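# Notes for the structure review
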Amino acid sequence: MPTYPPEPFRIKVTETIRLIPPEERKAKLKDAGYNVFTLKAEDIFIDLLTDSGTGAMSQDQWAAIMRGDESYAGARSFHRLKAAVEDIFGFKYFVPTHQGRAAENILSACMVKPGQYIPSNMHFDTTDANIRARGGRPTNLIIDEAFDPANPHPFKGNMDIGKLRDFIQKVGVEKIPFGMITVTNNAGGGQPVSMENIRAVAAVYREFKIPFFIDSARFAENAYFIKLREPGYGNRTVIEIAREMFGLADGMTMSAKKDAIVNIGGLLCLNDEVLFQQIKNELILREGFPTYGGLAGRDLDAMAVGLYGGLDEIYLAYRLAQTAYLVFRLNEVGIPTIQPAGGHAVYLDAAHVFPHIPQSEFPGQALAVELYLEGGIRGSEIGSVMFAHPDPDSGKMVYPKLELYRLAIPRRTYTQSHMDYVAECAGKIKARADKVKGYRFTYAPDLLRHFTARFEPL
Ligand code: F0G
């Protein structure tokens, strides 16, 4: 069994959670159109829908909230955040945004023209949708190992450098306004990207003069994986590793709701002065003045402190061990998961749990329903509900390579016994898996449909 270091914090404030009876869970789910996003939080026992904005802030962050300067322009809070952002990321310019997708929207609005391509290892759904919303074509060029859930590759989030080169030559540099990489790769299992790979990706983008942006939602977890797994980094501090990563890029988008452990917030950083002017104008239109970007001053202060809290190595050791522990316990009850354990979440291989449910009938959605019915547990589908889409040229449905169900672990929020409970419930579903049926849509919007879709059981 992997070691599970005792939680490196003690609990000062509590929030009651309750498991409502099974018949009530059944009725609530039916009312919600079998979409767990539509359930009331009070009807959930263990909520692993996301690790985004759901972490427990530290006492230092709560103290910082009281120092929030709510001036419209030039607030002290902004300058405290600026100092932290410059210290950790090192880009010349930045704006705060209300969350990660706002940074993606502004970057896409300023840079993406219809018919252009944005390569990455794998875009997360909001990045994908923001690029598509501007007529662009997000392109995933991850290494093939990422599509084999059992493959234990230590850096399964890596981009395939050969594929990247071929892609650039095929579509032409003029059709690529910028390139990205996501650390860690959320859509592919929370898997890290190695420094060697980031360096190689940066070199290719530089060779073709393509600006390089890092989606850095989980940069601290990625940096800690580099420290643990990449030769030559064992004695470097996580903050040094982070600085080296960002030193290779021209900019970044960030959802601060992950590794900066805040409830709301995001960042858009870059080195290009002309683009920065455009971004500021777009920001003023959509988010707010450039020194607050859609946030309250207190949110900026919580972020400034949280960015360092998320880089604490004792916390990161516990964090990654907690995820590895849940992976171990699920595998023990016969549920396969993406290997090795990722940073922020466990990805159950729903296609393997329900081999009799085809992709068009959503095996990940079936698992979402079963875990709620079994134990009041909420996770999220990362499969065909989220990613299947008609090909823009042929109109034929394109299905993702993996049908996953994600249990994302909020930071510093649940304990080891909560993880044990989740594994026990999953084990009971495994025992009756052959009786579980698939789903079909009764409503689905065109973009980001997993949030609001409704289903019925087949
Ligand atoms: N990039 C990545 C890699 C993400 O995981 C997310 C959000 C975003 C960008 C967008 O950030 O939510 O602040 O607008 N991921 C959340 C999740 C929603 O549950 O994984 P946002």
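These numbers were taken from a predicted model, which means no experiment stands behind them.

Procedures and definitions
- Residues numbered from 1 in each chain as written.
- Predicted model: local features only at pLDDT ≥ 70, side-chain atom pairs only at ≥ 80, totals over all residues.
- Heavy atoms only, no water.
- Helix = DSSP H or I, 4+ residues; strand = E, 2+ residues; numbered from the N terminus.
- Salt bridge = Lys/Arg side-chain N within 4 Å of Asp/Glu carboxyl O.
- Buried < 20%, exposed > 50% of the residue type's maximum accessible area, 1.4 Å probe, protein only.
- Near = heavy atom within 4 Å.
- Polar contact = N/O pair within 3.5 Å; in protein donor to acceptor, adjacent residues only side chain to side chain.
- Areas by Shrake-Rupley, 256 points an atom, 1.4 Å probe, with all protein chains shown as cover.
- Pairing = 2+ DSSP bridges.
- Axes fitted to C-alpha atoms, helices over the stretch in contact; angles between N-to-C directions.
- Domains from an automatic or database assignment.
- Contact = heavy atoms within 4.5 Å.
- Buried area = accessible area lost by both parts, 1.4 Å probe.
- Nonpolar A, V, L, I, M, F, W, Y, C, P; charged D, E, K, R; others polar.
- Expected span 1.5 Å × (residues − 1).

### Structural notes on the environment of A73
Inspection of the secondary structure assignment puts A73 in the loop between helix 2 (59-66) and helix 3 (76-88). Spatially, the C-alpha atoms of A73 and L283 are 14 Å apart, while their sequence positions differ by 210 residues.

### Comments concerning the pattern of salt bridges
Applying the stated criterion across every chain yields a total of 29 salt bridges. Between E42 and K40 there is a salt bridge, and its shortest N-O distance comes to 4.0 Å. Judged by its relative accessible area of 56%, E42 falls in the exposed class. Looking at K40, the relative accessible area reads 54%, which means it is exposed. One salt bridge in this structure joins D87 and R243, with 2.8 Å as the shortest N-O distance.

### Some details on the site of the ligand
Close contacts around the ligand come from 17 residues, with T50, D215, S255, K258 and R406 the closest. A distance of 2.8 Å separates an oxygen atom of the ligand from a polar side-chain atom of Q99. Here K258 contributes a side-chain N or O atom positioned 2.9 Å from a nitrogen atom of the ligand. Taking 470 Å² as the accessible area of the ligand by itself, protein coverage stands at 95%. Among the elements that make up the shell around the ligand, the one with the highest residue count is helix 4 (residues 100-111) (three residues).

### Here's the deal with the sheet that holds strand 2 (residues 93-97)
Through backbone hydrogen bonds, the strands of a sheet pair up, either in parallel or in antiparallel fashion. One open sheet accounts for five strands, arranged 2-8-7-6-5; its pairing is mixed. Strands with a single pairing partner mark the edges of an open sheet, and in this sheet they are strand 2 and strand 5 (179-182). In this sheet, adjacent strand axes meet at a mean angle of 15° when their direction is disregarded. Of the pairings in the sheet, the one linking strand 5 to strand 6 (residues 212-215) comprises four bridges and is parallel in character. If you follow T182 over to strand 6, its bridge partner there is D215.

### What about the domain arrangement of the protein?
Much of the literature gives interface size as the accessible area that the parts lose upon coming together. We note that the domain assignment places domain 1 (22-51 + 313-457) and domain 2 (59-309) within the protein. A separation of 26 Å is found between the C-alpha centroids of domain 1 and domain 2. On the side of domain 2, 38 residues touch domain 1, which itself brings 32 residues to the contact. Summed over both sides, the interface of domain 1 with domain 2 buries roughly 2800 Å², with 60% coming from carbon and sulfur. Seen at the junction of domain 1 and domain 2, the total is six salt bridges. At six residues, helix 12 (residues 313-332) tops the list of elements feeding residues into the side of domain 1 that touches domain 2. Considered class by class, the residues forming the side of domain 1 that touches domain 2 number 16 nonpolar, seven polar and nine charged.

### So, helix 11 (residues 297-309)
Residue pairs three or four apart in sequence face the same way in an α-helix, which turns once every 3.6 residues. Between its first and last C-alpha atoms helix 11 spans 19 Å; for 13 residues at 1.5 Å apiece the expected length is 18 Å, and the two agree. Within the span of helix 11, buried status applies to G297, D299, L300, D301, A302, M303, A304, G306 and L307.

### Concerning the environment of D349
By the secondary structure assignment, D349 is in strand 9 (residues 345-349). Residue classification places D349 among the buried residues on the basis of a relative accessible area of 12%. Taking C-alpha positions, D349 is 5.3 Å from T337, a pair spaced 12 residues apart along the chain.

### Focus: unusual backbone geometry
The omega angle of the peptide bond from V183 to T184 is -25°, so this bond is cis rather than trans. For T184, the location among the structural elements is in the loop between strand 5 and helix 7 (195-207). The omega torsion of the bond from Q339 to P340 falls at -15°, within 30 degrees of zero and hence cis. Mapped onto the elements, P340 comes out in the loop between helix 12 and strand 9. Even without being a glycine, K209 presents a positive backbone phi close to 55°.

### Some thoughts on the environment of P154
Within the secondary structure layout, P154 lies in the loop between strand 4 (137-140) and helix 6 (161-171). Through-space distance from the C-alpha of P154 to that of L228 is 9.9 Å; in sequence the pair is 74 residues apart. In this view, P154 contacts P192 and R229; residues no more than four positions away in its chain are not counted.

### Some remarks on helix 8 (residues 219-229)
Counting buried residues along helix 8, nine of its 11 residues qualify, which places the element largely inside the surrounding structure. Those residues of helix 8 lying buried are F219, A220, E221, N222, A223, Y224, F225, I226 and K227. Here the buried face of helix 8 lies against helix 3, helix 7, helix 9 (238-247), strand 7 (251-255), helix 11 and helix 12.

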